[in-house]
Amino acid sequence: RDRALLVGARLASPLQRRADSAFSPALDLFFLSHPGSHHCRNLEANRSVAIAVFPSTQKWGEDDYGLQLFGTGSLATGRHAASAERLYARRFRAYRDWWAGLDPDDRAREYRFYQVRTSRLKLFDERNFGGAVFVSASVVRSSTSTKEV
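Remember, it's a predicted structure, so these values are computed and weren't measured experimentally.

Novice: Help me understand a nonpolar patch on the surface in this model?
Specialist: A cluster of nonpolar side chains, contributed by Leu123, Phe129, Val133 and Val135, occupies part of the molecular surface with about 280 Å² of accessible area. Secondary-structure assignment places Phe129 in helix H4 (residues 126–129).

Novice: Quick question: what am I supposed to make of unusual backbone geometry here?
Specialist: Among all residues save glycine, negative phi is the norm, and among peptide bonds the norm is trans. Backbone geometry places Leu27, a non-glycine residue, at a positive phi of 65°. Residue position: Leu27 is located in the loop between strand E3 (21–23) and strand E4 (28–33). One non-glycine residue, Ala132, lies in the positive phi region at around 55°. With respect to the element layout, Ala132 can be found in the loop between H4 and strand E8 (134–141).

Novice: I keep staring at the pattern of salt bridges and nothing clicks. Help me out?
Specialist: Here the idea is simple: oppositely charged side chains can pair when their charged atoms come close. Following the criterion strictly, the structure yields three salt bridges and no others. Among the ionic pairs, Arg117 bridges to Asp28, the shortest N-O distance being 2.6 Å. Taken together, the residues span a long stretch of sequence, with Arg117 in strand E7 (residues 112–125) and Asp28 in strand E4 at a distance of 89 residues. Residue Arg117 is classed as partly exposed on the basis of its relative accessible area of 32%. A relative accessible area of 4% means that Asp28 is categorised as buried. Through salt bridges with shared partners, a single network forms among Asp28, Arg117 and Arg141.

Novice: How should the pairing of E4 be read in this particular structure?
Specialist: Each regular strand shows side chains that alternate between the opposite faces of the sheet. Among the six residues in E4, six count as buried, and that is most of the element. Every second residue of E4 is oriented toward a common face, with Asp28, Phe30 and Leu32 on one face and Leu29, Phe31 and Ser33 on the other, all of them buried. The turn linking E3 back onto E4 is made up of four residues, and Leu27 within it adopts a positive phi angle of 65°. Looking at chain direction, E4 and E7 are connected through six bridges and run antiparallel.

Novice: It is not clear to me how helix H2 (residues 78–91) should be interpreted in this structure. Could you clarify?
Specialist: Residues spaced three or four apart along an α-helix face the same direction, because each turn holds 3.6 residues. End to end, H2 covers 20 Å across 14 residues, agreeing with the expected 20 Å (1.5 Å per residue, within 8%). For H2, every residue scored as buried is listed here: Ser83, Ala84, Leu87, Tyr88 and Ala89. Here the buried face of H2 lies against E3, E4, helix H3 (95–100) and E7.

Novice: Help me understand the confidence of the model for the protein chain in this model?
Specialist: Any region with low pLDDT has predicted coordinates that should not be read closely. For the protein chain, mean pLDDT is 85; residues scoring 70 or higher make up 84% of the total. Taken as a whole, residues 7–12 scores under 50 in pLDDT and shows 16 contacts with residues more than four places along the chain or in a different chain.

Thresholds, definitions, all that
Residues numbered from 1 in each chain as written. Predicted model: local features only at pLDDT ≥ 70, side-chain atom pairs only at ≥ 80, totals over all residues. Heavy atoms only, no water. Patch = residues over 30% accessible without salt bridge, like charges linked within 9 Å, V, L, I, M, F, W, Y side chains within 5 Å. Areas by Shrake-Rupley, 256 points an atom, 1.4 Å probe, with all protein chains shown as cover. Salt bridge = Lys/Arg side-chain N within 4 Å of Asp/Glu carboxyl O. Helix = DSSP H or I, 4+ residues; strand = E, 2+ residues; numbered from the N terminus. Buried < 20%, exposed > 50% of the residue type's maximum accessible area, 1.4 Å probe, protein only. Pairing = 2+ DSSP bridges. Expected span 1.5 Å × (residues − 1). Contact = heavy atoms within 4.5 Å. pLDDT = per-residue confidence, 0-100.

Here's what the structure looks like:
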């Protein structure tokens, strides 16, 4: 699935970019990026994030399907950073070899994991629900589990 990440900033217009990412069972999304990138600097100014997840093979005029996720984004730290790396390496098998093969002075060594904490989502599946029908849900979190409501 393709993912488009939209991050807002106080003084700049929102920025959309494609992001290779991994999901946790709690609907957290993790992506790897350079802290100096435009979108990561925008996250420092405004943590609000919207994500579209959809197959890029969809054709105009045919039944569309996908997800829209909404939440907050930030630099992943501590156990969240460790979880991000584990999930990312599981999804992208070449990640660990790529990281291990970087020269010590390679700027890619500055990359960090970022976390998007999903608070609500919209699902659309025109084949099953009909045209322009969105199913909306909030993500309710507790200290012991994450439930979809």
